[in-house]
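Structural description and commentary
Below, each chain spelled out in residue letters.
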Amino acid sequence: MRLCFSLSILGLLLFTSCTEEGTSSPVRGPASAVPVRIAPVEKRELFDETIAIGTLRSQESVDVSSSVTERVESLHFDDGQEVKKGQLLAQLANEEEAAAIQIADAELAEERREVARLEVLAERDAVAEVTLDERRTRSEIAIARLARMQAMLDDRRIVAPFDGVVGLRRISPGAMAEPGTIITTIDQIDPMKLDFQVPEVFLTKLETGTKLQARSAAFEGETFDATVSMVDSRVDPVTRSIAVRALIPNPEKRLHPGMLMTVELKRNQREALVIPERAIIPVGSARSVYLLNDGTVSLVEVTTGARIPGYVEILEGLTEGRQVVTDGVLSLKDGSEVTVAGQFEGTTPPFDPTPADPVP
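Residues numbered from 1 in each chain as written. Predicted model: local features only at pLDDT ≥ 70, side-chain atom pairs only at ≥ 80, totals over all residues. Heavy atoms only, no water.

Once that is clear, we can look at the confidence of the model for the chain. Low-pLDDT stretches of the model should not have their predicted coordinates read in fine detail. In this model, the chain carries an average pLDDT of 84, and 88% of its residues clear a pLDDT of 70 or more. The spread of mean pLDDT over the elements of the chain runs between helix 1 (residues 2-22), the lowest at 40, and strand 5 (residues 88-92), the highest at 94. For the stretch residues 1-30, pLDDT sits under 50, and the model shows 0 contacts to residues farther than four places along the chain or on other chains. (pLDDT = per-residue confidence, 0-100. Helix = DSSP H or I, 4+ residues; strand = E, 2+ residues; numbered from the N terminus. Contact = heavy atoms within 4.5 Å.)

And the structure:
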């Protein structure tokens, strides 16, 4: 009985030992290489760039209004019409002023005749010199009165102050025009003035005659030539920016006052080393990249500079022609073995919400 129990225990121990040996984990081999994509460290032409936002203004602009309270008798322009300086735009009622001028003209003629008569008598000593002087004074008063009446008549004629384009008509014939009542607007829109602000660091790049390129959202993909006509004499001490005015030719009258335009300004043009921005690995406040060696990678700290869409300037840490890892960096550490699975294919294009095949 005791012998059978001992043999059972021995068999159980042998079975357990064999089972543990059969299920033991195999010894792992060396780690496999990580597939990565790479990009070269290359030279590109870079520059510091800023986009200034400006507003278009007319070369000359005015709200046409009456200086007196009077009824509008007639209008002599159409909406959007080009007019010349001195051209009649609106005629106000002027019957009273016209009659007053006739009276003043007649009075002046009478005074002049009387002065001429007294001058003849004065040569014969038939009239006192003081009487002649009084008539001459009354003649001068009559001249001034006639000029005043003429000015009042001219106030009833509203003319264009300069060559330009009129806007919409704001009043109708028969309406009562008062001082400040806008009849229409006139803008001289060739050339146009573009006023914008730029950081003071661009001050040395802007002077009278500097050529610029301006863009408007209303004319997508189109540029307009601009020439700096004036740089302000003061820098804003709060924003550290300076006002600049440029002139844009507008012979076709496509641009209009009030439009928003952008101006691209460039400075510090240089040749610089660049790599794809996605290759940069932030480590605290430092920036590093994985540099490809012979089948392995090494973590190298770099100093970055300016950024352009998808790429970053490298100031220190890399040399031209070396290769850096752009894809697969999360699986790497310093000294990891890698295999090159391909080259960096470029930045992802911006999202376009327009459907490729719009539904009719």
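Now for the pattern of salt bridges. Within this structure, the stated rule accounts for 18 salt bridges. For the salt bridge of Arg138 with Glu111, the shortest nitrogen-to-oxygen distance reads 3.5 Å. On the criterion of sequence distance, the pair formed by Arg138 in helix 3 (residues 129-154) and Glu111 in helix 2 (residues 95-123) is long-range, its members being 27 residues apart. Residue classification places Glu111 among the buried residues on the basis of a relative accessible area of 11%. A salt bridge links Glu222 to Arg254; the nearest nitrogen and oxygen atoms lie 2.7 Å apart. Taken as a pair, Glu222 in the loop between strand 10 (211-215) and strand 11 (223-235) and Arg254 in the loop between strand 12 (241-248) and strand 13 (260-276) lie far apart in primary sequence, 32 residues in all. Residue classification places Glu222 among the partly exposed residues on the basis of a relative accessible area of 28%. Via salt bridges that share partners, Arg57, Asp195 and Arg245 belong to a single interconnected network. (Salt bridge = Lys/Arg side-chain N within 4 Å of Asp/Glu carboxyl O. Buried < 20%, exposed > 50% of the residue type's maximum accessible area, 1.4 Å probe, protein only.)

Right, let's get into the packing of aromatic side chains. Evaluated as defined, the whole model comprises 2 aromatic pairs. For the ring pair Phe219 and Phe224, a centre distance of 5.6 Å and an interplane angle of 70 degrees mean the geometry is edge-to-face. Across this residue pair, the class does not change: Phe219 and Phe224 are buried. With a centroid separation of 6.4 Å and 80 degrees between ring planes, the pair formed by Tyr311 and Phe344 is classed as edge-to-face. Here Tyr311, found in strand 17 (residues 311-316), pairs with Phe344, found in the segment after strand 19 (338-343); they are 33 residues apart in sequence, far enough to count as distant. With relative accessibility at 13%, the residue Tyr311 sits in the buried group. (Phe/Tyr/Trp six-rings, centres within 6.5 Å; stacked < 30°, edge-to-face > 60°.)

Summarising the sheet, strand 3 (residues 70-75) and strand 8 (residues 176-177) pair through 2 bridges and their orientation is antiparallel. Its bridge partner lying in strand 8, Arg71 is registered against Met176. (Pairing = 2+ DSSP bridges.)

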